[in-house]
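Structure assessment
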Amino acid sequence: MKTTPEKYKNMVEQSSPNSPLLKNMAKAFVSGGLVCVLGELLAMLYARLGASDELVRMLVPVTLIGLTVLLTAIGVYDKIAKHAGAGTIVPITGFANSVASPAMEFQSEGRILGTGANIFKLAGPVLVYGGGAAVLYGVIYWLFAR
Amino acid sequence: MAERIGLDTITLQSRPRIAAFAAVGGKLEAGGLLAGKLARIFDDDTMGQDSWEKAEAQLQQAAAESVLHRAGLSAKEIDLHFAGDLLGQCSASMFGSRGLGMPFVGIYGACSTMALSLALAAITVESGAAQTALASTSSHFCSAEKQFRQPLEYGGQRPPTAQWTATAAGACLLRGGNVNDDTGTPQITQICLGRVTDLGVKDANNMGAAMAPAAASTVGSFLRDTQTIPGDYDLILTGDLGSVGSDLLRQLLLRDWGVDLSDRHNDCGMMLYSQEQPNEINAGASGCGCSAAVLCGDILPRMAAGELRRVLFIATGALLSSVSPFQGESIPSIAHAVLIESGK
């Protein structure tokens, strides 16, 4: 009897090793925590240098973004991220990398139709639905919570 | 003349000879099984080019030039060149062949391209339509990632079922046969072109699972048509199923065909890299260049030396596009088999 797609699905599940979930989660927890610690240290540094609270809130993410883009450009970020997993994807570092990496990859197709057209290839959905969600939230807020 | 036997198999009575063969590859590919066996090693992934696509075209061209050099022939003496790769419109093959000026046939069979190009070249030589035919294919890790997955510098994790696209190319030169050749030159004696098979696998990070049913179908059909058993071959060599796909192939052949591959089977995807190599190989190597480089860099030289005499080479291809997975399609696959025998 020929193997059916249903039966084969079971066979594939049996034969395919699972991702090491516990190990991945532990690494993500530690690395994500380290990104936050770095953010806190930066906040303390900027405060000590005399920046206002509002300015600190802007400087910290900008620094993390700048650092991520630099590490992406010199080919180090992906080597960290393959261990860190969600620990570097979830914070703003993940977003910065998802913009910087296609910008680099599509340079060979030119500044406009390469980098320009593809820079939001990965981050595009976040921008569309993040912006969409913000508008929806704003409307609900305007209707009920004013 | 070629003769059909059974349902799917073709016997080539003139036994087209694989008169020369060569594999080229990147630094990583030069570090495992193929250490010291590549005709040319590219230390830099860009191959001195300004895009990954051009780099892969370089690979393809280097493989073709190496095989011509080894055969002592110029491009003008080649009647037909069959080549393909993974990129859209087979562009690495096209650009790689541009400077060589051979009559060119671009083919697409995803990672089954080495077997497909060998089969087509052998049939052409058998028919007399060509005296000399070149079969080649390539893949490049970076161009494949760019087209099918994420940008190179994107920071993500690969699941353990994922495979690593080989940066490599292989080429074979086929010449009209000599039935009584006992010099050890590998000869193509039978061919089985596979059918598109799909058991519904949708996970593009588990290509081995997607391709195993196609490999099982082609191996099963070939053994049925030729009334042979795995024990009749020195090696049954699949293309790039990796560890997951190889395991599934053995299960499927036993369930559906009552065939036990046991110790006769090996897979190029599990052979190319060694465990000590530093990158994320996971389930094994993949890409057109994987089976091409293992065949041309390791298996054919061993056949010419008389170490292996009868090798059934089955290259497997996952026929997905960069669009179809997003439209909810599963991954159709194909496998083509070529029986290579050496007279020594």
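Below is a summary of the structure that appears in this document. Note that the coordinates shown come from a computational prediction; the quantities given were computed from them, not determined experimentally. (Residues numbered from 1 in each chain as written. Chains lettered and ligands numbered in written order. Predicted model: local features only at pLDDT ≥ 70, side-chain atom pairs only at ≥ 80, totals over all residues.)

Considering the overall build of chain A
Note the cut-off: Think of it this way: any DSSP run of H or I at least four residues long counts as a helix, any run of E at least two long counts as a strand, and we number them from the N terminus. Radius of gyration: C-alpha atoms only; globule rule: 2.2 Å multiplied by the number of residues to the exponent 0.38. Note that contacts rest on C-beta atoms placed from the backbone: two residues are in contact if these are within 7 Å.
Helix and strand counts for chain A stand at eight helices and zero strands. Taken from N to C terminus, the helices and strands of chain A fall in the order α-α-α-α-α-α-α-α. Rg of the C-alpha trace for chain A: 21 Å, well past the compact-globule value of 15 Å for 146 residues, more than 25% over. In terms of its C-alpha atoms, chain A occupies a principal-axis envelope of roughly 75 × 45 × 40 Å. The contacts of chain A with a sequence gap of at least 6 include a subset with a gap of at least 24, amounting to 58%.

Considering the overall build of chain B
Tallying secondary structure elements over chain B gives eight helices and 15 strands in all. In summary, chain B has a C-alpha radius of gyration of 18 Å against a globular reference of 20 Å for 344 residues, a match within 12%. Along the first, second and third principal axes, the C-alpha atoms of chain B reach 55 × 50 × 35 Å. Restricting the contact set of chain B to residue pairs at least 6 apart, pairs at least 24 apart contribute 80%.

Let's talk about unusual backbone geometry
Residue and element names in this part refer to chain B. The line we're drawing: Residue burial here comes from a neighbour count, namely the number of other C-beta atoms, placed from the backbone, that lie within 10 Å of the residue's own C-beta, with 20 or more meaning buried, 12 or fewer meaning exposed, and in between meaning partly exposed.
Although it is not a glycine, Arg-15 adopts a positive phi angle of roughly 50°. Following the sequence through the fold, Arg-15 ends up in the loop between strand E2 (9–11) and strand E3 (17–26). On the basis of neighbour count, Arg-15 is assigned to the buried category, with 23 C-beta atoms found within 10 Å. One non-glycine residue, Met-47, lies in the positive phi region at around 50°. Among the structural elements, Met-47 can be located in the loop between strand E4 (40–42) and helix H1 (52–71). Residue Met-47 is classed as buried on the basis of its C-beta count, with 20 C-beta atoms lying within 10 Å.

Quick word on the environment of Gln-58 of chain B
Looking at where Gln-58 of chain B falls in the secondary structure, it is placed in helix H1. The class for Gln-58 of chain B is buried, based on 23 C-beta atoms found within 10 Å.

Points about the interface of chain A and chain B
Many structure descriptions define interface size as the accessible area lost when the parts assemble. Note the following rule: Put simply, Ala, Val, Leu, Ile, Met, Phe, Trp, Tyr, Cys and Pro go in the nonpolar bin, Asp, Glu, Lys and Arg in the charged bin, and everything else, Gly too, in the polar bin.
Across the boundary between the two partners, chain A contributes 28 residues, which contact 27 residues of chain B. Within the residue set of the side of chain A that touches chain B, elements represented by two or more residues are helix H1 (5–15), helix H4 (77–84) and helix H6 (92–105) of chain A. Residue composition of the side of chain A that touches chain B, grouped by class: eleven nonpolar, twelve polar and five charged.

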